[in-house]
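Structure assessment
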Amino acid sequence: AQTVTQSQPEMSVQEAETVTLSCTYDTSESNYYLFWYKQPPSRQMILVIRQEAYKQQNATENRFSVNFQKAAKSFSLKISDSQLGDTAMYFCAFMKRGEVRGKLIFGQGTELSVKP
Amino acid sequence: TAGITQAPTSQILAAGRSMTLRCTQDMRHNAMYWYRQDLGLGLRLIHYSNTAGTTGKGEVPDGYSVSRANTDDFPLTLASAVPSQTSVYFCASSVRSGAHNEQFFGPGTRLTVL
């Protein structure tokens, strides 16, 4: 069975600085997808970035980038130039390629506070 | 477009009562999902539907049932609520399951069972 672990329950960063959120996962699969979702206080889950395991290049979306280390089973999220609107709970998630249930396996979440 | 709507936003329910959480999407997505979110556990899949007319069990299906009569609607029913079902419930949808397609989430329903 796959598991996703986020070892940082809470983090804080000053506005305009850079912060990295950690995520590790355990799987015997070789083909899979990894995601970072953001959940602001409004409770709405929003996809931030995704990575396909067969792609060696790290995904980037504006100020958000990932460091995907397949051998180490690590998938960290880097937020550059942090903004107050980045304050949210961040969830790392895993999906096996071809998963017929479409099941996302989520980590426990990291609560990020961006301070002015 | 509205995306995914859920109703009610929140509810307090007496143990033993039944309740249906409603979910509607207007994106014509084939796949729909119900998750529950609990502190320290992230989100866990309750039930899913790959297409209208089909449903399947997720990770934590006990005490819940679903139906998928059409593409747009995917209600979740608690037949006899128990306090352990106190949670925030999210409905989600995607173009199809089993791929890297983004799952779009509704705003959630906060349910308290007393």
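Before reading on, note that the structure itself is shown above.
The notes below deal with the structure included here.

Parameters at a glance
- Residues numbered from 1 in each chain as written.
- Chains lettered and ligands numbered in written order.
- Predicted model: local features only at pLDDT ≥ 70, side-chain atom pairs only at ≥ 80, totals over all residues.
- Heavy atoms only, no water.
- Contact = heavy atoms within 4.5 Å.
- Buried area = accessible area lost by both parts, 1.4 Å probe.
- Salt bridge = Lys/Arg side-chain N within 4 Å of Asp/Glu carboxyl O.
- Polar contact = N/O pair within 3.5 Å; in protein donor to acceptor, adjacent residues only side chain to side chain.
- Helix = DSSP H or I, 4+ residues; strand = E, 2+ residues; numbered from the N terminus.
- Nonpolar A, V, L, I, M, F, W, Y, C, P; charged D, E, K, R; others polar.
- Phe/Tyr/Trp six-rings, centres within 6.5 Å; stacked < 30°, edge-to-face > 60°.
- Buried < 20%, exposed > 50% of the residue type's maximum accessible area, 1.4 Å probe, protein only.
- Core = buried A, V, L, I, M, F, W, Y, C linked by side-chain atoms within 4.5 Å.
- Pairing = 2+ DSSP bridges.
- Disulfide = S-S within 2.5 Å.

**Observations regarding the interface of chain B and chain A**
Every contact between the two is made by 29 residues of chain B and, on the other side, 23 residues of chain A. Each partner contributes to the roughly 2100 Å² buried at the junction of chain B and chain A, and carbon and sulfur atoms together form 52% of this total. Along the contact surface separating chain B from chain A lie 0 salt bridges. The interface formed by chain B and chain A includes 7 residue pairs in polar contact (both at pLDDT 80 or more). Looking at the side of chain B that touches chain A, the elements that each hand over two or more residues are β4 (31-38), β5 (42-49), β9 (87-94) and β11 (109-113) of chain B. Considering every element that reaches the side of chain B that touches chain A, the biggest residue donor is β5(B), with 4 residues. Among the residues forming the side of chain B that touches chain A, the class breakdown is 11 nonpolar, 14 polar and 4 charged.

**Observations concerning the packing of aromatic side chains**
Inspection of every chain in the model, using the stated rule, returns 15 aromatic pairs over all chains. Each ring, one from Phe106(A) and one from Phe105(B), has its centre 6.4 Å from the other, and the planes form 75 degrees; the classification is edge-to-face. Taken together, the residues span two chains, with Phe106(A) in strand β11 (residues 105-106) and Phe105(B) in strand β10 (residues 104-105). Just as Phe106(A) is buried, Phe105(B) falls in that class too. Centre to centre, the rings of Tyr35(B) and Phe105(B) are 5.7 Å apart; their planes meet at 40 degrees, and the pair counts as tilted. One end of the pair, Tyr35(B), is in strand β4; the other, Phe105(B), is in strand β10, with 70 residues separating them in the sequence.

**Examining the nonpolar core**
Counting residues in each nonpolar core, the largest one holds 26 residues, and the members touching the most others are Tyr25(A), Trp36(A), Phe75(A), Leu77(A) and Tyr90(A). When contributions to this core are tallied by element, the ones reaching two or more residues are β3 (19-21), β5 (32-39), β6 (46-52), β8 (64-69), β9 (74-79), β10 (88-96) and β12 (110-115) of chain A. A total of 4 residues in this core trace back to one element, the largest contributor, which is β10(A). In this structure, Leu77(A) is in contact with Val19(A), Thr20(A), Leu21(A), Trp36(A), Val48(A), Ile49(A), Phe64(A), Ser65(A), Val66(A) and Tyr90(A), ignoring residues within four places of it in sequence. Counting 21 residues, the second largest nonpolar core, distinct from the first, contains Met95(A), Tyr35(B), Leu43(B) and Ala92(B).

**Here's the deal with the pattern of salt bridges**
Within the structure shown, the criterion is met by 6 salt bridges over all chains. A salt bridge links Arg63(A) to Asp86(A); its shortest N-O distance comes to 2.8 Å. Placement of the pair is Arg63(A) in the loop between β7 (60-61) and β8 and Asp86(A) in the loop between β9 and β10, with a sequence separation of 23 residues. Overall, Asp86(A) belongs to the buried group, its relative accessible area being 3%. Two residues, Asp38(B) and Arg44(B), come together in a salt bridge whose shortest N-O distance is 2.9 Å. Salt bridges sharing common partners tie together Arg36(B), Asp38(B) and Arg44(B).

**Some remarks on the pairing of β4(B)**
Residues and elements named next belong to chain B. Burial analysis of β4 places 8 of its 8 residues in the buried class, the great majority of the element. Residues of β4 alternate between two faces, with Ala31, Tyr33, Tyr35 and Gln37 on one and Met32, Trp34, Arg36 and Asp38 on the opposite face, all of them buried. In this structure, β4 lies alongside β9, joined through 7 bridges in antiparallel fashion. By the bridge assignment, tryptophan 34 is partnered in β9 with cysteine 91. By the bridge criterion, 7 bridges tie β4 to β5 in an arrangement that is antiparallel. When the bridges of β5 are listed, glutamine 37 appears paired with leucine 43.

**As for unusual backbone geometry**
In this structure, the amide linkage connecting Ala7(B) to the following residue, Pro8(B), adopts the cis form with an omega of -5 degrees. Residue placement: Pro8(B) occurs in the loop between β1 (4-7) and β2 (10-13). A positive phi angle is found at Ala16(A), which is not glycine, with a value near 80 degrees. Examined against the element boundaries, Ala16(A) turns out to sit in the loop between β2 (10-14) and β3.

**Concerning the state of the cysteines**
In the structure shown here, the tally under the stated rule is 2 disulfides over all chains. Here Cys23(A) pairs with Cys92(A) through a disulfide, and the sulfurs are 2.0 Å apart. Across the disulfide from Cys23(A) to Cys92(A), rotation about the S-S bond amounts to roughly -70 degrees, and the bridge is consequently left-handed. Residue Cys23(A) is found in the loop between β3 and β4 (24-26), and its partner Cys92(A) is found in strand β10; the two are separated by 69 residues along the sequence. With a relative accessible area of 0%, Cys92(A) lands in the buried category. What pairs with Cys23(B) in a disulfide is Cys91(B), and their sulfur atoms sit 1.9 Å apart. Around the S-S axis, the bridge from Cys23(B) to Cys91(B) shows a dihedral of about -70 degrees and counts as left-handed.

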